[in-house]
Every structure is written in structure tokens, then in C-alpha cells.
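Structural description and commentary
Here is how the chains run, residue by residue.
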Amino acid sequence: MSEKEIIDKMTMSRALTRITYEIIERHKGIDDIVLVGIKTRGIYLAKRIAERLKQLEGKDIPVGELDITLYRDDNHEIKKEEPTINDTNVPFPLENKEVILIDDVIFTGRTIRAALDAIMDLGRPDKISLAVLVDRGHRELPIRADYVGKNIPTSKSEQIIVAVEEVDGHDGITIKKDN
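We now turn to the structure provided with this report. Note that the coordinates shown come from a computational prediction; the quantities given were computed from them, not determined experimentally.

Definitions and limits used
- Residues numbered from 1 in each chain as written.
- Predicted model: local features only at pLDDT ≥ 70, side-chain atom pairs only at ≥ 80, totals over all residues.
- Heavy atoms only, no water.
- Pairing = 2+ DSSP bridges.
- Helix = DSSP H or I, 4+ residues; strand = E, 2+ residues; numbered from the N terminus.
- Axes fitted to C-alpha atoms, helices over the stretch in contact; angles between N-to-C directions.
- Contact = heavy atoms within 4.5 Å.
- Core = buried A, V, L, I, M, F, W, Y, C linked by side-chain atoms within 4.5 Å.
- Buried < 20%, exposed > 50% of the residue type's maximum accessible area, 1.4 Å probe, protein only.

**Observations regarding the sheet that holds strand E3 (residues 63–66)**
Read from one edge of the open sheet, five strands run E3-E2-E4-E5-E6, paired in parallel fashion. Of all the strands in the sheet, the pair left with one neighbour each is E3 and strand E6 (147–151). Averaged over all pairs of adjacent strands, the angle between their axes in this sheet comes to 25°, without regard to strand direction. Along the sheet, helix H1 (residues 9–26) contacts strand E2 (33–38), strand E4 (98–106), strand E5 (127–135) and E6; its crossing angle with E6, the most-contacted strand, is approximately 150°. Relative to E4, helix H3 (residues 110–122) is tilted by about 155°, and along the sheet it contacts E2, E3, E4 and E5.

**What to know about the nonpolar core**
Among the nonpolar cores identified, the biggest contains 29 residues, and Leu35, Leu133 and Val162 are the most heavily contacted of them. Secondary structure elements with two or more residues in this core: H1, E2, helix H2 (41–57), E4, E5, strand E7 (159–163) and strand E8 (172–177). Here the element with the most residues in this core is H1; it accounts for six residues. The residues touching Leu133, leaving out its near neighbours within four places in the chain, are Met12, Ala15, Leu16, Ile19, Leu45, Asp103, Asp104, Gly149, Lys150, Val162 and Ile173.

**As for the sheet that holds strand E1 (residues 2–7)**
Hydrogen bonding along the main chain pairs the strands of a sheet, whether they run parallel or antiparallel. The sheet built from three strands is open, its strands ordered E1-E8-E7 with antiparallel pairing. The strands lining the two open edges of the sheet, one partner per strand, are E1 and E7. Sheet twist, expressed as the mean angle between neighbouring strand axes with direction ignored, is 30°. Strands E1, E7 and E8 of the sheet are contacted by H1, whose axis makes an angle of about 50° with E1.

Shape is all these values report; function is a separate question.
Here is the structure:
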């Protein structure tokens, strides 16, 4: 496999800033917005967007953490005996709120379908939107992101790897190709 960085730290930061501005532009106010990051990297992206919203609008936006492990439709394909469960932490009510789900990459749409199921088990928000850092295409379900940092068309044999400082020690996006 060959690996190539296609997005550096600065470009990644700009993409998140663009998503933040789009969120502000589409809403008359951000009072009824909550962000929910999909574990693992979506959480850190959600926290960064919340920080930018605070800088720009002067308001704290609640950020939750969503673990979709039990909602995945591919658990039967996991080789482990039991899936690893990370705690979901959404310490605020979802009723009368617009939830903006945040993930690093959208591919087939199955992760987002699982996240929608998990959110609905937590409450009934007024609206759910989706923000992703990278849309790489190849949808298997009729799901699209409302906010996209970068569209990066790929082949099915390629992988998009998003690195975040909090987990990986650096920010960037690489593409892995089978040789």
C-alpha cells in the first residue's frame, strides 16, 4: 500500500472553519443547536467546531459523544467475541434542539444510519443535520451530509485516514492506495 498526505493541518483547519461559518449562516441563532460527535474522531472535530462557534458567536454549544457500536449493521462481521463498547455521553436533552452529527469521513452511509438510530433512542430532536470533514462518495444508503469540509472522490480500494492531534499526535488527511 502506498500512502500520501492529501490534506495538511492548515487545510484541515480551514475546512472546519468553513463548516462552522456554514452552520452560523444557515441558522438565525445558534441557541437551539447541539453538536454530537461520532466516536472517535468525530468527537474531537465536534469540540473544535464548538470552540470556533464560541469564538465567533460568544456562546457555548453543548457537545455530546456518540458510540454507535451496538447500532452497526456489520457487527456479525467483527471477528471479536464481543464488540468494544465506549460510553455514549450526551448530557443534555435533545428535545427542541437541532442536533448536528459530526463525523470525520462519510463513505457508504452505514455509520450515519447507525448514529441516527442511536440519537433517536436518546430523544426526539426537532432536526438532525450532518457535518463531515470528508465526503469520499460510494454511498450505499440515501444519506448526504449537510456540511462538508472536503469532497475527495476515491475508488473503493482506497482508504481515507483522518488524523487528529488529540488521538494521532498530528492533524492531516492521507489516502492509502493498494498497489
